[in-house]
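Structure at a glance
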Amino acid sequence: MLNLLTAEQIKLKRSKKLLIVFSILVFFPIFQALNSQMMVDHGKELNQVVDTVINGATGILMIDKNGLTILLVMSAFISFFIGEEFQNGTIRNALSLGRSRLHYYLSKFVIAAVVSLLGVLVMTILGMISFTTIFGFGEIPEVGNYVSYAFESFSTLYLLILANVSIYVMISFITKNSGIALIWSFLYTIATGFLPDIFQQTEHFKELTYWFTETFLFYFNFADPGHIARFPEMIVVSILTIVISSTIGILFFKRTDIK
Amino acid sequence: MSETILKAMNISKQYGNHKALDKVSFEIKRGMIYGLIGENGAGKSTFMRVIMGLITVDEGNMELFGETDRKGLQRARRRMGQSIETPGLYPDLTARENLRVQAANGGVSEREIDHLLELMKLEHSGKKKAKNFSLGMRQRLAIASTLITNPEFLVLDEPTNGLDPAGIVEMREIIHRLVTQRGITVLLSSHLLDELSQIATHYGILHHGKLIKELSKEELAREARQYIELETTEVQRAVTVLDELGIRDYEVKNQHEVNIFERLDDVATINRSLVKADVDVLRIGTTRQKLEDYFLNLTGGKTHA
């Protein structure tokens, strides 16, 4: 597995797609800080519930503020990162050397997880710095121990993202084509963004609402004490999503004929 | 007796209603250059994928380097290299980087890279990305990539596909060098028997997923019949001379050509007799039945090989 990870590292060093991912994740926090400044200059008052990030302290919630952007960027990156291996036939190079499919799948997942972690870290750090520079560090009301809160909220938000990353990896291994993976990943992201709201309005599917990570990512306020109390639930849903999607992905991949 | 590298026993693979492989069995021993020949869709690539563990089989067993169980086969594949169909290269990486990736995949050192680039005449490719390589360069890089793990058994699927005549000769020389200098056993496929005959030591003919014939180089030479090809402006008179010489096994192909299937070592005598009888001989010489014709005869004739 370490050998496969080393190979991935060599590929990523020259990857333009990775560069684009990081460029977007670097651009957004800086742009949003400047945009917020402009809005304030035009008389708008920033509201944490609506704007999510309003100062340096709330900058830790950059993932929450940019949830959809991160998911779309990561889904595109993963679709190409895995789909092209099938399309270029390079997947044969590793598998024909007797590398196990389980290890191959996990190496791709680990790389996708590391790239998304680095991406959201960069985004969060830049968000905190730029918002602190413009609006000061400030505070989050009703949060006593900021360091502990920052760690918990960031970890939870990252896990929610990781659960989706795991779904995208699964989709890519099932579809074996970057274009098709991209479409399905996009549809999944959009559908699970809307579905919870629809489920909420039904009698039978109401309970399903909180089994989608997007429910938390898109509809929860991570600075709200009531929602902060549901971090453990979010972690459980994320972990379950990762385990189930990875299991399905690995089982499919093990049965897949490689062209 | 030399060691068995690969033994396939009744390998079958079905896609829907189409039988891609139908109880294929054969054996490859160390040092062989085994040429797998068949028309497009005969099952050559499918069989190679089976060997490399890229697709599952519906039926049959395989032995690789003496290993038969799943884990053992996985271990055995680390002693192999493959280039199946299109060269599996990373288009945005250079030749060197492609080799580094494969070295990492195989868990081997990068020491061999310079030597392999030199061996495949890619040492001057520098920062040029694989996507900008010519097909010949890509094929050579694909082979270099298979060699980085120092394999004992190479599986090459149509390695000359799309190459120009010079590229084909070069690829043939490379494969020859690998066999003679490194002692590598090779399984290679082609849909052109003529081309394979210049390199392979053994042949397996696949047709509609079935292995219909196996033969050695010597057997192929015997079976692909030799004959004397005579070209003249006066076929009628030439035939009379042949009759006078007691030659019965010949075939008048058209108004200018006659193929003679006996007294193959007597070309000089036949030529002399024709000249003595004032028959203009435009060309005479021993030739071989076209291997492609032989292949077509075997596979039923209609399909182009």
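What comes next concerns the included structure. Just so you know, these numbers come straight off a predicted model, no measurement behind them.

Conventions used here
- Residues numbered from 1 in each chain as written.
- Chains lettered and ligands numbered in written order.
- Predicted model: local features only at pLDDT ≥ 70, side-chain atom pairs only at ≥ 80, totals over all residues.
- Heavy atoms only, no water.
- Helix = DSSP H or I, 4+ residues; strand = E, 2+ residues; numbered from the N terminus.
- Buried < 20%, exposed > 50% of the residue type's maximum accessible area, 1.4 Å probe, protein only.
- Contact = heavy atoms within 4.5 Å.
- Areas by Shrake-Rupley, 256 points an atom, 1.4 Å probe, with all protein chains shown as cover.
- Patch = residues over 30% accessible without salt bridge, like charges linked within 9 Å, V, L, I, M, F, W, Y side chains within 5 Å.
- Salt bridge = Lys/Arg side-chain N within 4 Å of Asp/Glu carboxyl O.
- Lys, Arg positive; Asp, Glu negative; His and termini not counted.
- Charge placed at Lys NZ, Arg CZ, Asp CG, Glu CD.
- Buried area = accessible area lost by both parts, 1.4 Å probe.
- Nonpolar A, V, L, I, M, F, W, Y, C, P; charged D, E, K, R; others polar.
- Polar contact = N/O pair within 3.5 Å; in protein donor to acceptor, adjacent residues only side chain to side chain.
- Axes fitted to C-alpha atoms, helices over the stretch in contact; angles between N-to-C directions.
- Parallel < 35°, antiparallel > 145°, perpendicular 65-115°, else oblique.
- Left-handed = near helix turned anticlockwise from the far one by under 90°.
- Pairing = 2+ DSSP bridges.
- Expected span 1.5 Å × (residues − 1).

1. Section: the overall build of chain B
- Assigned secondary structure in chain B consists of 11 helices and 13 strands.
- In terms of principal-axis extent, the alpha carbons of chain B reach across some 75 × 45 × 40 Å.
- Among the 305 residues that make up chain B, the fraction classed as buried is 51%.
- A fraction of 67% describes how many contacts in chain B between residues 6 or more apart in sequence connect residues 24 or more apart.
- Counting only carbon and sulfur atoms, one obtains 46% of the accessible surface of chain B, whose full area is about 14100 Å².

2. Overview of a positive patch on the surface
- Judged by side-chain charge, A:Lys254, B:Arg70, B:Lys71 and B:Arg78 come together as a positively charged surface patch.
- Counting through the fold element by element, B:Arg70 comes out in helix α2 (residues 70-76).

3. Some details on the environment of B:Gly43
Residues and elements named next belong to chain B.
- Residue placement: Gly43 occurs in the loop between β3 (33-37) and α1 (44-51).
- As for Gly43 and Leu147, which are separated by 104 residues in sequence, their C-alpha atoms are 25 Å apart.
- Each residue touching Gly43, except ones within four places of it in the same chain, is listed here: Ala20, Leu21 and Leu206.

4. Concerning the interface of chain B and chain A
- Between chain B and chain A, the residue contacts involve 33 residues of the former and 27 residues of the latter.
- Between chain B and chain A, roughly 2700 Å² of surface is buried when both sides are summed, and carbon and sulfur atoms account for 47% of that area.
- Counting the surface chain B buries against chain A, the share from its top three residues, B:Leu54, B:Tyr90 and B:Asn105, is 23%.
- Run the count over chain B and chain A and you get two salt bridges.
- Among the salt bridges present, the one from A:Arg14 reaches B:Glu97, with a minimum N-O distance of 2.5 Å.
- For the side of chain B that touches chain A, the secondary-structure elements that each account for two or more residues are β1 (4-15), β5 (80-83) and α3 (95-106) of chain B.
- Each residue belonging to the side of chain B that touches chain A can be placed in one class, and the counts come to 13 nonpolar, 12 polar and eight charged.

5. Focus on unusual backbone geometry
Residue and element names in this part refer to chain B.
- A positive phi angle is found at Asn150, which is not glycine, with a value near 55°.
- Note on placement: Asn150 falls in the loop between α5 (135-147) and β6 (153-157).
- Judged by relative accessible area, which is 55%, Asn150 ranks as exposed.
- Positive phi values are uncommon outside glycine, yet Asp278 reaches one of about 60°.
- Of note, Asp278 is situated in the loop between α10 (267-276) and β13 (281-288).
- Given the relative accessible area of 57%, Asp278 is considered exposed.

6. Things to note about the side chain of A:Asn164
Residue and element names in this part refer to chain A.
- Mapped onto the elements, Asn164 comes out in helix α8 (residues 146-175).
- A distance of 3.1 Å separates a polar atom in the side chain of Asn164 from a polar atom in the side chain of Thr213.
- In contact with Asn164, other than residues within four places in its own chain, are Leu71, Tyr188, Thr213, Glu214 and Leu217.

7. Remarks on the packing of helix α1 (residues 2-13) of chain A against α3(B)
- For the pair α1(A) and α3(B), interaxial distance at closest approach is 7 Å and the crossing angle is 165°. In terms of their interaxial angle, α1(A) and α3(B) are classed as roughly antiparallel. Here α1(A) and α3(B) pass one another in a crossing that is left-handed. Contacts between α1(A) and α3(B) involve A:Asn3, A:Leu4, A:Thr6, A:Ala7, A:Ile10 and A:Lys11 from the first element and B:Glu97, B:Arg100, B:Val101, B:Ala104 and B:Asn105 from the second.
- In the contact of α1(A) with α3(B), the residues fall into five nonpolar, three polar and three charged.

8. Overview of the sheet that holds strand β4 (residues 59-64) of chain B
Residue and element names in this part refer to chain B.
- One open sheet holds the three strands; their spatial order is β2-β1-β4, and the pairing between them is antiparallel. The strands lining the two open edges of the sheet, one partner per strand, are β2 (18-29) and β4. Taking the axes of each pair of neighbouring strands and ignoring which way they run, one obtains an average angle of 15° across the sheet.
- Pairing between β1 and β2: eight bridges, direction antiparallel. Note that in β2 the partner of Lys13 across the bridge is Leu21.

9. Describing α5(B)
Residues and elements named next belong to chain B.
- With 13 residues, α5 extends 18 Å between its outermost C-alpha atoms, agreeing within 8% with the 18 Å of an ideal straight helix rising 1.5 Å per residue.
- A large share of α5 lies buried, amounting to 11 of its 13 residues.
- Along α5, the residues that are buried comprise Gly136, Met137, Gln139, Arg140, Leu141, Ala142, Ile143, Ala144, Ser145, Thr146 and Leu147.
- Check the buried side of α5 and you find it contacts β5, α3, α4 (113-119), β6 and α6 (165-182).

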